[in-house]
Each structure stands twice: as C-alpha cells, then as structure tokens.
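Structure assessment
Chain residues, written in single-letter form:
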Amino acid sequence: MIELIAALREIVGEAAVLSRPEDLLVYEADGLTLHGALPSAVVLPSDKLQVAQLVRACRAHGVPFVPRGAGTGLSGGAIALEQGVVIECSRLNRILRVDPENRIAVVQPGVVNADLSKAVAPHGLFYAPDPSSQLACTLGGNAAENAGGPHTLKYGTTTNHVLALELVLPDGEIVRLGSPVGVPPGYDLVGAVVGSEGTLGIVTELTVRLSPMPERVETLLGIFGDVVSACRAVGAIIASGLVPAALEIVDRRTIAAVEASVYAAGLPTDAGAVLLVELDGPALAVARQVERVRAHCLAAGAREVSVARDAEERQRFWRARKGAFGAMGRLAPDLYVHDAVVPRSKLPEILERVCEIGDRHRLRLSNVFHAGDGNLHPNISFDRRDPDELRRVTEAGAEILRVCVEAGGVISGEHGIGIEKREYMRLLFSDADLAAMCRLRAAFDPEHVCNPGKIFPSTRFCMESDPKARGYERVELA
Amino acid sequence: MSAGLEQLAAALGPESVFVHEALAVEGAQLEASLRPSSGEALAVTLRLLSEHGLSALVRGAGTRIATANAPCRARVLLETQGLSEAALIDAEEGVARFAAGARLESLREALAGSGWELPLDPPGDASTLGGTLAAAAQGPRFGSPRDVVLGLGVVLASGERIRCGGRVVKNVTGYDLAKLFVGSFGTLGVIEWAWLRLRPAPEATHTCVAALEPGVAGDAAALVAARLPTVRAAAVADAALLPDALAVASRVLIVELAGDAAAIDRDAEALSSRYGAVPTEPAALEALRTAQGAGPLRVRVAALPSALPAAAEVLRSGGALVLAYPARGLLWARFRLSGPEDERSAERALRAATLAARAAGGSYLLEAAPLAARQGREVFAGAASTLALERAVKHQYDPAGILNPGRFVGGL
C-alpha cells in the first residue's frame, strides 16, 4: 500500500493524495451513513489523463478503486470497500462548452448539478434532472446513479439527458461513448453506463441535453384530509392525460416536522397530506391545466387548493417538500431515506401498508414522495445508538421493499442499489437476470477492480467472494 | 437435415419449423425457418441453436431486413412474428406490455380509445414491436424507442430468459440492460416482450405545410419552427418525395402540432404569419413516414441540428432527395437506382453520405441498398472507436456468435 500511495503521489502530486486517517474519515461513508468503510487513500485528479494513470496504478497494485462525486449518494455507492482507493472527481469541475443552438453542454463530472442550470439560464435553457441534493451533487455522480428528482415525471431521469460520455475504462483506456446527436454509433453503451453506479469505469466528461425553459410555471398546493385522497387526486390527474412537471406528496407526519423547523411553510398541521403540483409549458395551456388540476383535487376530496401567486410563494410551497429531509434532523439523530417505486395506481394501498409496517416496528416513519412517478421515500427517523431500534429499522426497510416488489414495483427509483440493497436484488431478479448484468460487468471490468462489492448480492455473483468473509461488511455503531 | 434441426423439429413441433431446400435471405443460404410461438419455445430454440452451433438470421416482420450489414454466416432464419401474448394495457398508469411479435398497427388498434398512444411511429405498420426496438427505428413524431422502453423480456443466445427493467416509469435497480438490447439489431439477444411508457393522446392536433426557401435563411427558419412549444413533428422535405397535395414548393416544411388546443392555435398562428403555413390533412404525417422509409437506395445521416443543413446540401449535390427532421438532427437521403445491379449508384450514394457525414461531423447508416452493394461493406459508418469494447459486450452475450453474425456495427 505504501508503494501504491507513492505511485499515486507521483501522478497527481503530494497535495492531491490524502492518506492520513483523519483525512480519510471524511470519506468513510456517503449520504447513507449506516454503512462505512475507510479507503486506503483518496486522490483528487485534475484531468482525465491523471484519472487514467491512477486507474492503471491501482490495477497494477491489485487495489480496487471507486469514483466519487460529492458523496451525496444514498445507497453507499461511493464508499471504498476492500481497502480501495477513492478517486474523487471534484477537481474536474469545468463546464467545457455550452452550445445553445444545439441545446447541449459538454461538462466535466465534478460540475455541480445546479451550477449547470445557472450557467445556461442566460440562453433560456436548463438542465432538467434536479435531485434534491442539486446544490451539492455533481453530474458525474448523477450519471452513475441515474439521478432523478421531482421534475422527472415530465422530463425523465438522467439517462434521458446524457448523450455522450468520455469514460476511463477499468484498464485505464480512455474511450468516448455515444454521440452528441443521441444516435449511438454502436451498442447504446451510454445507456448501459448511466445508472451503473460507478462499476464500469470513471466518467471524465459528459455531453448532456439542455431543455428550453418553459414559458410559464404554475405551482398548486392541495390540502387533503388524508394521504389516500391525495393519491387519488394524483391518479386522476395522470389518467386524464395531464403530464405535470411535478406531483409531490408530503404526509401529515412530515408536515408536522417541517412546520416545527426553520423550513416552516405555513402548512396546516391538521392536514393529512399536501399535494404539490407544478405545471409548466405554453402559458395558454398551463392556465387551462391549472383549472383541470384544481378540479381533480377537489373531486378527490381536497379541502383547499391554492395557486402560488408569485415566485416567493412558489418557493414557500416547495420549501415544505425540499426542506423535509432537513426538518427530520430535529426528530432524531439519524434518518434513513428509503427509495422504492410502485405503479402509481397502487400508491394508496402501499402507503397504508408502509405506515402499518412502521407502526408495527414502533418506528417514526414519515413519507414525502414523487407521487407522479410512484416513487416512494419512506423516511425513518431513528437513533443508531439503540441497537434494538436499528434492528427494527432494517427489518421494516426489508419489509417495505418486499411489499413494493409484490405490487409490481422496484427497489430503487433514483438512489441506486449500492451496498444498501444488494441483498434485496433477488426480490426482483432471477439468477439468470443477475448473471446477464454480470456479463456487462465482465465486458467492462473483467477483473472487478472498479467499485467492487456494489449492486450484486454477495454470494456467487460476478465472481465476487462473500464480502463478509473479506471483512468489509460492517455497520458502524458509533 | 442436421441433428440440430431434427432436435428443433422434435422440440418445437412441425408448425414452428420449416425445412427448405435452399432459402436465400440477405445472401445467406438458409436450411430452415423457425417460428417459435412463445417465450418458452424461443428459449428452447436458442438453446438448441447454441448447442449445435447453428447461427441464425433473426428478424421480425422483415421490414428492415436490408438495414444492416449482410450476415457473415447464417444457417437458419429465426422469425419472431409468432411471439404473441395478450396485451396488458394499464390506462390508469399509461404503461403497457406487448409481445415482441405484435405488429405496430395492431398495438395502435389495441390502444385506440384508451386515452393513450403508442410513441413509436417508424415507417412500416407491419413492423413488429421486437423488430422496431431491435433496430431502434423512429419516425417523424417520436424519438428513439430507447426512451420509451421501461422493461424488456429477452432470451439470450444461451436460451436463458431474462427480464430487465420493470413496468414503472422510474427505476435504478441494477444495470439498465434494456438500453443495450434496444438498437442492437438482434445481435445480443432476442426480445420477447416489452413494457412501454405510453403518451397521453393529445387533446387536439393541427397539421400545416409551408413553402421553404432553399438556403441558410430557410434552414434557420425550419429549426425555429421545429422548436415551437407544441410541435410534435417537424420536417423539411424535397417536394419530389411528397404527394402532389403537399408539394407546395420545391422545398416544403411540414409541421404537426399536438396538445392543448389554445396553445396549438397560437403556434399555428405563428407558423401562418411567419412562414405562410396553411392547414393540411393529418395524413401529411403518413406521407412523411412513407417518404422516410421508401426507396431502394437511401441513407440516414445523424448530425447536430446546426450542421444538418450542410449535410443535406452535400447529399443534394450528390443527386439525392432529402427529408430532414431539423430539431432531431436526422435526415434521410434517397438516391436513384436503376436496378438491383446498379452498383455505381450505390457507390455514389455512399460517397455522398461519407462526405455529408464528414461535413457535418456526424454519422450515417446505409438504410437500404441492393444486397450486392452491401456485401463486404460496412453500412454503419462513423462507428466504432470503441470496437474492442463492443466486441467484448457481444462476446459476453453471444459467445458462439449465433445471433445475426456480422449484421451489426463493425461486423459484430
């Protein structure tokens, strides 16, 4: 290891290699703090050639490596198992080119999501995927996790917006995948790499699609007596053929937390749920859609529907949604943000079951979710120092995933599998399905040096041995 | 009959296995055609083909059989038209699962009155869903099927039946393998069924046509028109590609607006006042689909919207008639062909396509040409700086090379 660190320093310079324990501690976990593993070193390359050299050096020393963006991921994808090396892409942070005529931008992976939209705003354009962490998370990480966000209902997820990639393969070769026109020159390898959680290589450049800013945006807030009627309103809106930019539900327990916090948005705490609807598009169309959405909400039992009068009020409405995770910080030391998807029509039934599961396990469970996508985020507030509560958190999580899969859903909508959910992959996929994924892995990374231990169940997959036996499976109980 | 074919006949039954004296398809002399009627039968078929090293030319309805490299070898024809199952249409969700063997026209019929429409409109109503996805074929209204597919059932060369993706609209659960199979021309696996995300049927539509001035100003105008908010399809076509009713000038802009009636009215007004567009029949879109898919010698060029007009000019000066979708960065160029032996025209077309793609920094695909002109030649161009990686992917999914050998990019 000492030799490898010397080799890494040789490539990027002394200051860009972290190897002291107190520096590495920062990289022990990502946004999923339940799992932790210390890397052997963290390197901060400043160009793709350095990335390629670093990859070669790690490989030559038989040490795995893990690409990392801002570390905001919620499934443990960016932590280094097997004493691996973290290759952090935060210094590859330049917007290389904005081409407003063709509505594309070429960026490095360390560019912060929100900064791209800011940079292209003068051209009347924006970058559509907007995960909740958009002020911190980077586009490279977004591509790795196929990040979503509240506006994916209409605009799609990251995979629908990445046209081409430059990728350092696990053997150090630099390749360009895709084309800026969106017509792949061969197999759609961009489509395969986006969402592969950093296991197929390290992205060093992205060509992304930019979208025209809508002429008009309207935000509605519907107040409902219970979450089931809010879900019914969502079902009616979707079934009527409307495609709002966002359809978000915040439940009673979350409202209470938000209203008691600095994110307070003036929501009635006796409401069972609020539904946030954002409509965008041509002004004339949006004006009519507002009335249709209002009617659907009232028909589903909304006791009140208001339309944001100005940008300030729109931001206040959104605060209830975007501040939810922060507000949870007041409830307990730890927060587990779950992520699963069900067919939208099953939402009322599934939510009831999710709440029942939380209650049965005596947990503080609340829901804020992308209702339009059927993307649930049950949040469990807990204290990891209480081993019994931690056990109940894990058990309830597993039960929730099972319920979602039984309803025809999947176990991650936008956070990825990482290490968090790899043992649940079999809920959804057969051995043959998983083996087919491993074939892709084998084509890119036959030696399993690139972010090993992620996505796949620990036994017998992709030739990976049992991670427990290798000693990196541990849950930190501070 | 070889041992492999005998086993196939025994396993699938005589109604699914047809033995020929010599059937020539795409230059390959085929001993039999196989028409499995279910996913199970398809799995058995591929397993036996693999075991016996029998390579297959895979096709749906065969509408795009000539849009690929000539196969380097093939012993049997594997047709997927027989793959059928009851459609699952969830009108509440706007998603549907269809069998790969279903024809697009039958899917449209199945969706009629559901409030949703099929976001696939490549030329050829007889095309199967599986073939359309495998060829990533697109038409004037909707983009590539890659963004429409939510999940796929696929049978691998080994005979393993796998599922990728799901039926929900948002999904990051393992690798997105569906992307790999869409557009792979049947060289990585055979699609059995697909979950698709449907589009809400628009409240209203409006179709109009305008004369477009040849030249830079006209090209710029077309791109602006193609980006109006309610545009669902926008095309620039040389008049000779269109029926008389639409041939209002030597070069024509055809636009279809869809969505909210009031917003459409405003865009229609803009098209009328700025470009002199006049309303026309919705059938104009059918004329575009026909124009895109017709002609025995044609190339598709992909380039950034800003560079597309330059590519079109190069092709026109090479004797082609051009149909372009300006905002999508795609154009189709049709060349004259005097007969199947006319290799010189094919040569000329390829030369023009090469120049056009180079001028525009794009790529081309020889979509239709006589077999003789395609044999020993690569129809996918601008390809394969990543051929080693593509080859590794092919090797992983089809190690014995039994699926459409030689048909894809770089002879994969």
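Residues numbered from 1 in each chain as written. Chains lettered and ligands numbered in written order. Predicted model: local features only at pLDDT ≥ 70, side-chain atom pairs only at ≥ 80, totals over all residues.

1. Some points on the overall build of chain A
How we decide: Working definition: helices are DSSP H or I runs of at least four residues, strands are E runs of at least two. Numbering for both runs from the N terminus. Three exposure classes are used. Buried residues have 20 or more other C-beta atoms within 10 Å of their own C-beta, exposed residues have 12 or fewer, and partly exposed residues fall in between, all C-beta atoms being placed from the backbone. Here contacts are defined at the residue level, using C-beta atoms placed from the backbone and a cut-off of 7 Å between them.
Scanning chain A from terminus to terminus reveals 17 helices and 20 strands. Here the C-alpha coordinates of chain A stretch approximately 65 × 60 × 45 Å along the principal axes. Of all 478 residues assigned to chain A, the portion counted as buried reaches 59%. Contacts in chain A between residues at least 24 apart in sequence constitute 70% of all its contacts with a sequence separation of at least 6.

2. Section: the interface of chain B and chain A
One frequently used descriptor of interface size is the decrease in accessible area upon assembly of the parts. Defined as follows: Charged residues are taken to be Asp, Glu, Lys and Arg, nonpolar residues to be Ala, Val, Leu, Ile, Met, Phe, Trp, Tyr, Cys and Pro, and polar residues to be all remaining types, Gly included.
If you look at the interface, chain B gives 61 residues, while chain A gives 69 residues. Listing elements by their share of the side of chain B that touches chain A, those giving two or more residues are strand E9 (161–165), helix H5 (177–181), helix H7 (261–275) and helix H12 (387–397) of chain B. With six residues, the top contributor of residues to the side of chain B that touches chain A is H12(B). Across the side of chain B that touches chain A, the residue classes break down as 27 nonpolar, 20 polar and 14 charged.

3. Thoughts on the nonpolar core
Heads up, the condition is: Put simply, a nonpolar core is a cluster of buried Ala, Val, Leu, Ile, Met, Phe, Trp, Tyr and Cys residues tied together by C-beta atoms within 7 Å.
A:Val274, A:Leu275, B:Ala194, B:Val301, B:Ala311 and B:Leu331 are the most contacted members of the largest nonpolar core, which totals 296 residues. With eight residues, the top contributor of residues to this core is helix H10 (residues 343–360) of chain B.

4. Examining the domain arrangement of chain B
All names here are of chain B. Put simply, the rule reads: These domain boundaries are the output of an automatic or database domain assignment.
On domain assignment, one finds that chain B holds domain 1 (3–82 + 399–411), domain 2 (88–200), domain 3 (204–289) and domain 4 (295–378). Relative placement of domain 3 and domain 4: their C-alpha centres are 23 Å apart. When residues of the side of domain 3 that touches domain 4 are traced back to their parent elements, those giving at least two are helix H6 (216–226) and strand E13 (231–238). The greatest single-element share of the side of domain 3 that touches domain 4, amounting to five residues, is contributed by E13. Looking at the side of domain 3 that touches domain 4, its residues break down into 10 nonpolar, no polar and three charged.

5. A word on the domain arrangement of chain A
Residues and elements named next belong to chain A. One can read the domain layout of chain A as domain 1 (2–88), domain 2 (95–212), domain 3 (216–326), domain 4 (332–406) and domain 5 (426–470). Placing a centre on the C-alpha atoms of domain 2 and another on those of domain 5 gives a separation of 25 Å. Contacts between domain 2 and domain 5 engage eight residues on the former and 10 residues on the latter. Along the lines of polarity and charge, the residues of the side of domain 2 that touches domain 5 split into four nonpolar, three polar and one charged.

6. Topic: the packing of helix H9 (residues 308–317) of chain B against H10(B)
A packed helix pair is summarised by two numbers, namely the angle formed by the two axes and the spacing between the axes. All names here are of chain B. Quick note on the threshold: Structural elements are reduced to axes, namely lines fitted to C-alpha atoms, with helices fitted over the stretch in contact, and the angle between N-to-C directions of any two is expressed from 0 to 180 degrees. Angles are sorted into four bins: roughly parallel if under 35 degrees, roughly antiparallel if over 145, roughly perpendicular if 65 to 115, and oblique for all others. Working rule for handedness: look at the near helix, and if it is turned counterclockwise from the far one by less than a right angle, call the crossing left-handed; if clockwise, right-handed.
Where H9 meets H10, the axes come as close as 8 Å, and the angle between the chain directions of the two elements is 160°. The angle between H9 and H10 places the two elements in the roughly antiparallel class. Two packed elements cross with a definite hand, and for H9 against H10 that hand is right-handed. Within the contact between the two elements, H9 uses Leu308, Ala310, Ala311, Val314 and Leu315 and H10 uses Ala352, Leu355, Ala356, Ala357, Ala359 and Ala360. The residue inventory of the contact of H9 with H10, partitioned by class, reads 11 nonpolar, no polar and no charged.

7. Focus: unusual backbone geometry
Among all residues except glycine, the phi angle is most often negative; among peptide bonds, the trans geometry is most common. Residue and element names in this part refer to chain A. The phi angle at Glu82 is positive, at roughly 55°, despite the residue not being glycine. With respect to the secondary-structure elements, Glu82 resides in the loop between strand E3 (65–68) and strand E4 (85–88). A positive phi angle, close to 50°, is found at Gln83, a residue other than glycine. Along the polypeptide, Gln83 turns up in the loop between E3 and E4.

8. Side note on the sheet that holds strand E6 (residues 104–107) of chain A
Residues and elements named next belong to chain A. The following threshold applies: Strands are treated as partners if at least two bridges between them are detected by DSSP.
Overall, antiparallel pairing links the five strands, which are arranged E5-E6-E10-E8-E9 in an open sheet. Across the chains shown, the open sheet's two edge strands, defined by having one partner strand only, are strand E5 (95–99) and strand E9 (174–178). Going across the sheet, the axis of each strand differs from the next one's by a mean of 15°, ignoring polarity. Its contacts with the sheet put helix H3 (residues 48–60) on strand E8 (162–168), E9 and strand E10 (202–209), and the angle it makes with E8 is roughly 50°.

9. What about the sheet that holds strand E2 (residues 28–34) of chain B?
Within a beta sheet, neighbouring strands are joined by backbone hydrogen bonds and run either parallel or antiparallel to one another. Residue and element names in this part refer to chain B. Taken together, four strands build an open sheet; the order of strands is E1-E2-E4-E3 and the sheet is mixed. Taken across any chain shown, the strands that pair with only one partner, and hence form the sheet edges, are strand E1 (17–25) and strand E3 (56–59). Put simply, the sheet's adjacent strands are angled 30° from each other on average, direction ignored. Summarising the sheet, E1 and E2 pair through six bridges and their orientation is antiparallel. Its bridge partner being in E2, Leu23 is matched across the sheet by Leu30.

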